[in-house]
Amino acid sequence: MPSSDNGDRPAAIALREHLAELADLGAVTALLGWDRETMMPERGAAPRGELTATLERLAHARAVDPVLGELIEAATVEAQGPGAEPDDAPIARIARRDRDRATRIPSELVVAIAHATAEALPAWTRAREESDFALFRPHLERQVELRREVAACFPEAAHPYDALLDAYEPGATTASLRDVFARLRAGLVPLVEAIGERPEPPPLAGPFAIDGQRALALEMARAMGFEDDAWRIDDAVHPFAQAVARTDVRVTARWDESDFSGIFAVLHEVGHGLYEAGIDPALDRTTLGTGVSFGVHESQSRTWENQVGRSLAFWEHWYPRARERFGRSLADVELGDFHRSINIVHPSLIRVEADEATYALHVILRFELEVALIEGTLAVADVPAAWNERMRDMLGIEVPDDRRGCLQDIHWSCGELGYFPTYALGNIIAGQLWAAARAQLPGLDAALAAGDCAPLRDWLRRNVHVHGRRLDPSELIERATGSALDPDPLLDYLREKYTALYDL
Ligand code: ZN
């Protein structure tokens, strides 16, 4: 029986208080980050850097505080006792894991990475502008060297890259990703080739007035679960979602008059926001009160953007509304043609513009290069050639310059090796969740076609959101879908969809 008398759980209570302050420091840092991208005047940048650095220093000091270590030990013992509450054990377990990671990486190394990033970012910006990899090369060499030092802090890892992956996707291993990505690649490459042999549908002609797009996207967001008194949408150069709290969710958008990419980006970011908003309130301000991994987070955004947002059922409800707003531009476009135009598959150079079928191939390429860089089997100098060779093999296209090749993403300049795989994991997990939701919700398509997103949102909330970090990613996927990480449901979904759309 859980006890209501806090006297039985002094360590659990003290641990929660310590973690609540850490969570608060994180939320303030997040709020400052949101403000920097949406509201801050340009000359606020330098003082903002100092504010953020101070907050991060305070948070780090609290994260490695020996008192926290003692509280975790005491709370772990206490959680086995008769007076414990069910969340006491997972809170102590995850707090221990976070603290272990924070204390294993020496602070000199953290500082060195921050300095290397500060120098690499402007160098990468210039290198990309001038399409000159040589300008970026020494900075990438430094970042790879520093990440190998991070990996060395976790000597028990079976592969040094595992230690980097773990920061974004707890429990994921290089060996398991190699296997899953090989299966995904083997399914995607022939599918993309088969689609390439079919005539390509015409793209939307536009223009679509931005005011109309904003209004339509907001209506969709509300149907998904955006609440006016708990959410905001603002413009930003790079769209993102940030929850300051469960009841304070910020999503951002970027608009393009020529297509609906801004609307799909809103569906994506609202999907992220719904995850944070749907976590069990009992986990507020604990170490469990956020998404469990980058991959699972991305599965939420991808489900709404792709499985829902690019489905015929969804647009059966929304297309008449789009036509009301963009009458002239859509007058001659029937629903079926519109649906084809938002599902065009066309191998291209830029990851963030890639379609649903080719996207993961861009990610697999980056994963392979990162693993080789960390293993030391690929020299940084050889990255452009290795990149271009894989683009040819996987997507059948020639890379004309490094600006549109290995210099296109910001991640490596920040030393973020291990992050990219989570994008493809998001697609894979979204495929599994979608298959499970469809099997369990026979009326799902009909609900979406009636503009009702609640059945899917509630299913995702029950099976994913509510848990926060209580369950590890592998356990969460297993419980929600009945199987381990598996690319087949995604491949089945894509084959079925494109067979119909492209008459394969
Ligand atoms: Zn995302």
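Relevant structure appears above.
Residues numbered from 1 in each chain as written. Predicted model: local features only at pLDDT ≥ 70, side-chain atom pairs only at ≥ 80, totals over all residues. Heavy atoms only, no water.

(A) Inspection of the overall build of the chain at higher detail. Counting secondary structure elements, the chain contains 21 helices and three strands. Taking 23 Å as the expected radius of gyration for a compact globule of 504 residues, we find that the chain reaches 23 Å, a close match to that expectation. Along the first, second and third principal axes, the C-alpha set of the chain runs to 70 × 55 × 50 Å. Burial status across the chain gives 54% buried among its 504 residues. Restricting the contact set of the chain to residue pairs at least 6 apart, pairs at least 24 apart contribute 74%. Taking the average place of the 52 positive charges on the side chains of the chain and the average place of its 82 negative ones, the gap between the two points comes to 1 Å. (Helix = DSSP H or I, 4+ residues; strand = E, 2+ residues; numbered from the N terminus. Rg over C-alpha atoms; globule rule 2.2 N^0.38 Å. Buried < 20%, exposed > 50% of the residue type's maximum accessible area, 1.4 Å probe, protein only. Contact = heavy atoms within 4.5 Å. Lys, Arg positive; Asp, Glu negative; His and termini not counted. Charge placed at Lys NZ, Arg CZ, Asp CG, Glu CD.)

(B) Quick look at the packing of helix 17 (residues 421-440) against helix 21 (residues 488-502). For the pair helix 17 and helix 21, interaxial distance at closest approach is 7 Å and the crossing angle is 75°. Taken together, helix 17 and helix 21 sit at an angle that is classed as roughly perpendicular. Packed against helix 17, whose contacting residues are Asn-427, Ile-428, Gly-431, Gln-432, Trp-434 and Ala-435, the element helix 21 presents Pro-489, Leu-490 and Tyr-493 at the interface. Looking at the contact of helix 17 with helix 21 residue by residue, the class counts come to six nonpolar, three polar and no charged. (Axes fitted to C-alpha atoms, helices over the stretch in contact; angles between N-to-C directions. Parallel < 35°, antiparallel > 145°, perpendicular 65-115°, else oblique. Nonpolar A, V, L, I, M, F, W, Y, C, P; charged D, E, K, R; others polar.)

(C) Up close: helix 6 (residues 133-152). Here helix 6 is 20 residues long and its end C-alpha atoms lie 28 Å apart, about the 28 Å a rise of 1.5 Å per residue gives. Helix geometry: helix 6 is bent most strongly at His-139, by close to 25°. Among the residues of helix 6, Phe-133, Phe-136, Leu-140, Gln-143, Val-144, Leu-146, Arg-147, Val-150 and Ala-151 are the ones counted as buried. In this structure, the buried residues of helix 6 make contact with helix 4 (88-104), helix 5 (107-130), helix 7 (160-165), helix 15 (359-375) and helix 16 (383-395). (Expected span 1.5 Å × (residues − 1). Bend = angle between axes of the 7 residues up to and from the residue.)

(D) A look at helix 17. The first and last C-alpha atoms of helix 17 sit 29 Å apart over 20 residues, in line with the 28 Å expected at 1.5 Å per residue. The buried fraction of helix 17 amounts to 16 of the 20 residues, a majority that puts the element mostly inside the structure.

(E) Expanded view of the pairing of strand 3 (residues 248-253). Within strand 3, five of the six residues are buried, which leaves the element mostly enclosed by the surrounding structure. When strand 1 (residues 231-235) meets strand 3, the two strands line up parallel, connected through five bridges. Of the residues in strand 3, the one forming a bridge with Ile-233 is Val-251. For strand 2 (residues 241-245) and strand 3, the ladder comprises four bridges, and the chain directions are antiparallel. By the bridge assignment, Ala-245 is partnered in strand 3 with Asp-248. Linking strand 2 to strand 3, which pair antiparallel, is a turn of two residues. (Pairing = 2+ DSSP bridges.)

(F) Seen up close, the coordination of the zinc ion. Bound to the zinc ion are the protein donor atoms His-268 (NE2), His-272 (NE2) and Glu-298 (OE), situated 2.1 to 2.3 Å from the metal. Read in sequence order, the donor residues for the zinc ion give the motif H-x3-H-x25-E. Taken together, the positions of His-268 and His-272, both in helix 10 (residues 261-277) and four residues apart, correspond to about one turn of that helix. According to the relative accessible area criterion, His-268 is buried, its value standing at 10%. (Donors = N, O, S within 2.8 Å, 3.2 Å for Na, K, Ca; no water.)

(G) Quick look at the nonpolar core. Phe-136, Trp-231, Trp-315, Leu-330, Phe-338, Trp-412 and Tyr-498 are the most contacted members of the largest nonpolar core, which has 133 residues in total. Ranked by residues supplied to this core, first place goes to helix 15 with 12 residues. Counting residues in each nonpolar core, the second largest holds 14 residues, with Leu-68, Leu-71, Ala-75 and Leu-283 among its members. (Core = buried A, V, L, I, M, F, W, Y, C linked by side-chain atoms within 4.5 Å.)

(H) Layout of the side chain of Asn-427. Locating Asn-427 in the fold gives a position in helix 17. Given a relative accessible area of 5%, Asn-427 falls into the buried group. When residues no more than four places from it in sequence are discounted, the contact partners of Asn-427 are Arg-302, Tyr-359 and Leu-490.

(I) Structural detail: the pattern of salt bridges. Tallied over the full model, the rule gives 44 salt bridges. A salt bridge links Arg-48 to Asp-35; the shortest N-O distance between them is 2.7 Å. With Arg-48 in helix 2 (residues 45-64) and Asp-35 in helix 1 (residues 10-38), this pair connects stretches of sequence that are 13 residues apart. With a relative accessible area of 13%, Arg-48 lands in the buried category. One salt bridge connects Arg-183 with Asp-486, and the closest N-O pair in it is separated by 2.9 Å. Placement of Arg-183 in helix 8 (residues 174-196) and of Asp-486 in the loop between helix 20 (473-481) and helix 21 is noted, with a sequence separation of 303 residues between them. On the basis of relative accessibility, which here comes to 18%, the residue Asp-486 falls in the buried class. A cluster of three or more residues bridged by salt bridges with shared partners is formed by Glu-298, Arg-302, Glu-305 and Arg-310. (Salt bridge = Lys/Arg side-chain N within 4 Å of Asp/Glu carboxyl O.)

(J) Just the environment of Leu-204, in detail. Looking at the secondary structure, you find Leu-204 in the loop between helix 8 and helix 9 (210-224). The exposure class assigned to Leu-204 is buried, which follows from its relative accessible area of 17%. Once the C-alpha coordinates of Leu-204 and Phe-260 are considered, the two residues, 56 residues apart in sequence, prove to be 8.7 Å apart. The contact partners of Leu-204, leaving out residues within four places of it in the chain, are Ser-258, Leu-330, Phe-338, Ser-341 and Ile-342.

(K) Main features of unusual backbone geometry. Each neighbour pair has its own omega, and for Gly-206 with Pro-207 the value is -5°, a cis peptide bond. A positive phi is found at Arg-285, a non-glycine position, where the angle reads about 60°. For Arg-285, a relative accessible area of 48% corresponds to the partly exposed category. Positive phi outside glycine occurs at Asp-503, with the angle close to 55°. One can find Asp-503 in the segment after helix 21. Classification of Asp-503 as exposed rests on a relative accessible area of 57%.

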